[in-house]
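Structural characterization, general
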Amino acid sequence: MSQTITLLPGDGIGPEITRATVRVLDALDLGLSWEEAPAGHGAFEATGDPLPVATLEAIRRNGVALKGPLTTPVGQGFRSVNVRIRKELDLYANVRPIRTRAIQGFSPRFENVNLVVVRENTEGLYSGLEHMVVEGVAESLKIVTEAASRRIGEFAFALATREGRRSVTAVHKANIMKISDGLFLRSVRAVAERFPDMAYDEVIVDAMCMRLVLHPERFDVLVMGNLYGDIMSDLAAGLIGGLGLAPSGNLGESTAVFEAVHGTAPDIAGQGVANPTALMLSGVLMLRYLGHDDAATRMEAAIDAALAGDVRTGDLGGTAGTQAYADAVIAALDAG
Ligand SMILES: NC(=O)c1ccc[n+]([C@@H]2O[C@H](COP(=O)([O-])OP(=O)(O)OC[C@H]3O[C@@H](n4cnc5c(N)ncnc54)[C@H](O)[C@@H]3O)[C@@H](O)[C@H]2O)c1
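No experiment lies behind these values; they were computed from the predicted model shown.

**Thoughts on the overall build of the protein chain**
- Helix and strand content of the protein chain: eleven helices and twelve strands.
- Its C-alpha radius of gyration of 20 Å places the protein chain within 12% of the 20 Å reference for a compact globule of 336 residues.
- The principal-axis extent of the C-alpha atoms belonging to the protein chain is close to 55 × 50 × 40 Å.
- Counting only residues that meet the buried cut, the protein chain has 48% of its 336 residues in that class.
- Long-range pairs, those at least 24 residues apart, make up 74% of the contacts in the protein chain between residues at least 6 apart in sequence.

**Examining the site of the ligand**
- The environment of the ligand is made up of 21 residues, and the closest members are Pro69, Thr72, His262, Gly263 and Asn275.
- In terms of residue class, the shell around the ligand is made up of ten nonpolar, eight polar and three charged.

**Some remarks on the environment of Arg60**
- Secondary-structure assignment places Arg60 in helix α3 (residues 53–62).
- Residues Arg60 and Gln76, 16 residues apart in the sequence, show an inter-C-alpha distance of 29 Å.
- Residues contacting Arg60, with those up to four places away along its chain left out, are Leu89 and Thr255.

**Here we look at the nonpolar core**
- Judged by nonpolar contacts, the single largest core of 97 residues is most densely connected at Val118, Ala156, Leu222, Val223 and Val329.
- Per element, the largest residue contribution to this core is eight residues, and it comes from helix α9 (residues 277–289).
- Per-domain counts for this core show at least three residues from each of domain 1 (1–108 + 243–336) and domain 2 (121–240).
- In contact with Val329, not counting residues within four places along its chain, are Val24, Met280, Ala302, Ile303 and Ala306.

**Let's talk about the packing of helix α7 (residues 205–214) against helix α8 (residues 226–240)**
- As a packed pair, α7 and α8 sit with axes 11 Å apart at the nearest point and diverge in direction by 10°. As judged from the angle between their axes, α7 and α8 are roughly parallel. Counted together, Val205, Met208, Cys209 and Leu212 of α7 and Tyr228, Met232, Leu235 and Ala236 of α8 form the full contact between these two elements.
- Residue composition of the contact of α7 with α8, by class: eight nonpolar, no polar and no charged.

**Examining the sheet that holds strand β2 (residues 32–36)**
- Spatially, ten strands are ordered β2-β1-β3-β12-β11-β4-β5-β10-β8-β9 in an open sheet, and the strand pairing comes out mixed. With partners counted over all chains shown, the strands left at the sheet margins are β2 and β9 (199–204), one partner each. Neighbour-to-neighbour, the strand axes of this sheet turn through a mean angle of 25°, independent of strand direction.
- This element, α3, spans β1 (3–8), β2, β3 (64–67) and β12 (256–260) of the sheet and lies at about 150° to β1.
- Contacts from helix α6 (residues 180–192) reach β8 (167–172), β9 and β10 (221–224) within the one sheet, and its direction differs from that of β8 by about 170°.

**What to know about unusual backbone geometry**
- Backbone geometry at Asp29 places phi at a positive 60°, although glycine is not the residue there.
- Of note, Asp29 is situated in the loop between α1 (14–27) and β2.
- For Asp29, a count of 9 C-beta atoms within 10 Å translates into the label exposed.
- In this model, Ala265 sits at a positive phi of 45°, which is unusual for a non-glycine residue.
- Among the structural elements, Ala265 can be located in the loop between β12 and α9.
- The class of Ala265 is buried, set by 22 C-beta atoms lying within 10 Å.

**Structural notes on helix α4 (residues 81–88)**
- For α4, the complete set of buried residues consists of Val81, Asn82, Ile85 and Arg86. Down the axis of α4, the buried set is contained in an arc of 135°. They therefore lie on one face.
- At the exit of α4 stands Asp90, carrying a positive phi of roughly 50°.

**A word on the environment of Gly31**
- Looking at the element boundaries, Gly31 is found in the loop between α1 and β2.
- Judged by C-beta crowding, with 9 C-beta atoms within 10 Å, Gly31 ranks as exposed.
- With 29 residues separating them in the primary sequence, Gly31 and Ser2 have C-alpha atoms 5.3 Å apart.

Criteria and thresholds
Residues numbered from 1 in each chain as written. Predicted model: local features only at pLDDT ≥ 70, side-chain atom pairs only at ≥ 80, totals over all residues. Helix = DSSP H or I, 4+ residues; strand = E, 2+ residues; numbered from the N terminus. Rg over C-alpha atoms; globule rule 2.2 N^0.38 Å. Buried ≥ 20, exposed ≤ 12 C-beta atoms within 10 Å, placed from the backbone. Contact = placed C-beta atoms within 7 Å. Near = placed C-beta within 6 Å. Nonpolar A, V, L, I, M, F, W, Y, C, P; charged D, E, K, R; others polar. Core = buried A, V, L, I, M, F, W, Y, C linked by C-beta atoms within 7 Å. Domains from an automatic or database assignment. Axes fitted to C-alpha atoms, helices over the stretch in contact; angles between N-to-C directions. Parallel < 35°, antiparallel > 145°, perpendicular 65-115°, else oblique. Pairing = 2+ DSSP bridges. Arc of directions from axis to C-beta.

See below:
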């Protein structure tokens, strides 16, 4: 069955890494077709809207999108388009698998990391409800609902069960935010009680940061609110070699958007040197979501083969450009 995917090339390195990823996905010959749609700073310059209605409609219509990173102005300007996409489409679960990969000539800080950050994606401190109370005093509202907390808890336990994982850890700050994080924790705990065969524990977010940089191999599925998940997943990406290697999926009931964890990398944009691995691995997650399990396994194996070879991008100590690396992944597909 042919599947149309909405493609958001995005800003900065987005067009370079989406091109590399689409080339690999096309090489799998699955009959995927692409409907390109604007979003981000480029769309804002062209249309005055960083998230045109037609783009949202295209994602809804096709049910699945592959997305490059989008610029979010800091401290001013338009609201985060990423946050808007996730809220508008109710993409409530942000899944960020972090796994050590064997890379020639490159030693990550840890050899044996294999965890998944499951981040609540629609509320918390990213609700966008903030204002100046009076001059010199700003207020930001953190919204936590029982329904969303339970839903993300159920998602985390279902994922852990499906993937045969050992444990789920809820990450929180309920010692200080007793009401909001307390509600999150109670909701996840209630879900945990329905999964007696899955190990479950709870760790305060600051302690979690320390434990993760000391012993990441001890953790499996981590479930947490929006802000903690955003920060923790970048930290976790650093454990395995950096942002160039960390994929993600934003999942709702009937719509999904796959993207790298990293941003637009303005410092290297336009130079053709960005590492497209994170977006390619997001493509692997997308194929699994679409039920193309064999193709996903082939693509992931080709990425691993390329990483184990001698064509590497600069962030991993190599000298290859983005498209030369994509060539190596395609060659590994052909050889596999
Ligand atoms: N999902 C998204 O669209 C998303 C996510 C995070 C940040 N952003 C946006 O991206 C912009 C830049 O943010 P930032 O600089 O804080 O973070 P960033 O992730 O863009 O870059 C951080 C560092 O990592 C490097 N890096 C990132 N991706 C890389 C890749 N694929 N290959 C090689 N090196 C890579 C960059 O060169 C930079 O040194 C901001 O506007 C921010 O809002 C968007």
